[in-house]
Amino acid sequence: GFQKPATSPFTAPGRKRRHERTAPMALVTRAARGLLRRRAPLACLQQDRLKSQAVAYEEEDEDYAPETITITRTRPEVPKPERQPKPYRSVADDEAVRAATQACFPTRNDWTRAEVQAVYDQPLLELIRDAGACHRAHWDSRDVQQCTLLSIKTGGCTEDCGYCSQSVRHKTHVKPTKQLPVEEVVESARRAKAAGSTRFCMGAAWRELGNKKKAFREILEMVSRVNAEGLEVCATLGMLNPEQARQLKAAGLHAYNHNLDTSREFYPSVIKTRTYDDRLNTIQNVKEAGISVCSGGILGLGEEEKDRIGLLHELASLKGGHPESVPINALVAVEGTPIGDSGKAKRVDVFEMVRMIAAARIILPKTMVRLSAGRLEFTQGEQALMFLAGANSIFNGDKLLTTPNPEFDSDTQLFELLGLEGLKPNPRLEHKAEGGHAAARA
């Protein structure tokens, strides 16, 4: 509703005048401003100087006024709802992929030595890739079984194993001890379970159980009571006959450890007081009694790669099927033992361990591959590579028989770092079934 005057009566036509205009100054007519300047010129001048934000401009003789004023009302933008992230799906969760991968890595008992060598000799990264795929097809790759090994009778063994500190034939730091009392063993099993172990293994240093009737009665009681604690019970007691194996099974023994150590060809250079077939006979007695077999080997005895291949071939060819678990040990050379003193012992590097673990995983797809003695020699990063290659079981606790081992707290930190989960106690071994450990974890 503002109407501009045609011309100002106080200004000659066409004449321009410089004056000040401030942002908050109301629009007034040209005539009113001229009247104000004539009546109070000094006040106007002072006012102009005080307005520091004034903007000088020239305009025609006409007063300025906008012809139209547009008012726009804006509304605040409504934020768009965040897109819900899609759930991450691992290849391992795809049943079709899992089935196809299992078909690529079947359980076989007809491996030839040449086929085992072809697996073992693959380029390392290719071998790790295939072993990882095999592992995830047959297992839940985050699950790792924790086992504790206790020496219930240390030293005094009559065998001549060239790597062992417990032989009476070698002068080592180990002194013979009597068999531990039953109560002490059961209490150790309880502590192991509280620390996360699901398998408790008892080892006695002697050649064979033989006619040790009193010691055997106590061992049967140990087995029964540890079993009652809800743990998988394992023992390593040397050579067993069929009757002894049956009694251990009746007492509640789940697994029996009896390592082949190395290949048949290299074995005589390590041990002379027991033959390779003696070991295979004990394993057969254990199987026929219905006890699971735990059997593996040791790297670093001075063997060659062909001996490691030979060991894998023996394990894959056992009568009655593959062992339930395979411990892979890196030799911890002990002063006073023939292998430790002769210079034959070789330090096993991480890549040798990873190659052996990965080959074992492919050749024995449903077998637990256990990191055993010598694990303390490897960094957490190196152990992570071993898990990636297919290892899914460890021995924990600060000692394995007579050699150092990572402590419980150290393993707990490693599991948290790598996102691994320890298996819950599961004495019926249901977690060994194809498809992983979901039932055991539940």
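Values in this document were obtained by computation on a predicted structure and should not be read as measured data.

Asks: Which parts of the structure should I look at to understand unusual backbone geometry?
Replies: Excluding glycine, most residues fall at negative phi; most peptide bonds, likewise, are trans. A positive phi angle, near 75°, is found at Asp261, a position not held by glycine. With respect to the helices, strands and loops of the structure, Asp261 is situated in the loop between strand S6 (255-257) and helix H9 (276-288).

Asks: When you look at the confidence of the model for the chain in this model, what are you seeing that I'm missing?
Replies: Close inspection of predicted coordinates is inappropriate in any region flagged by low pLDDT. Looking at the chain as a whole, its pLDDT mean stands at 83, while 78% of the residues score no less than 70. Note on residues 52-61: pLDDT under 50 across the span, and 28 contacts to partners over four residues away in sequence or across chains. pLDDT under 50 marks residues 430-442. Its contacts with residues more than four places away, or in other chains, come to 34 contacts.

Asks: Please explain the pairing of strand S10 (residues 368-371) as it appears in this structure.
Replies: The side chains of a regular strand alternate between both faces of the sheet. Residues Met368 and Arg370 of S10 are buried on one face, and the alternating residues Val369 and Leu371, pointing to the opposite face, are buried as well. For strand S9 (residues 325-330) and S10, the ladder comprises four bridges, and the chain directions are parallel. Following the sheet pairing, Val326 is matched in S10 by Val369. With two bridges joining them, S10 and strand S11 (residues 393-396) adopt parallel strand pairing. Opposite Leu371, over in S11, you have Ile394 as the bridge partner. Following the backbone out of S10, through helix H13 (residues 380-388) and into the adjacent parallel S11, one traces a crossover that is right-handed.

Asks: Explain the nonpolar core to me, please; I cannot follow it from the model alone.
Replies: Nonpolar side chains tend toward joint burial in soluble globular proteins. Judged by nonpolar contacts, the single largest core of 92 residues is most densely connected at Tyr163, Phe200, Leu248, Tyr256, Met353 and Ile357. Ranked by size, the runner-up nonpolar core spans six residues in total, among them Cys147, Leu149, Cys201 and Ala255.

About the cut-offs
- Residues numbered from 1 in each chain as written.
- Predicted model: local features only at pLDDT ≥ 70, side-chain atom pairs only at ≥ 80, totals over all residues.
- Heavy atoms only, no water.
- Helix = DSSP H or I, 4+ residues; strand = E, 2+ residues; numbered from the N terminus.
- pLDDT = per-residue confidence, 0-100.
- Contact = heavy atoms within 4.5 Å.
- Buried < 20%, exposed > 50% of the residue type's maximum accessible area, 1.4 Å probe, protein only.
- Pairing = 2+ DSSP bridges.
- Right-handed = clockwise from strand over helix to strand, strands pointing away.
- Core = buried A, V, L, I, M, F, W, Y, C linked by side-chain atoms within 4.5 Å.

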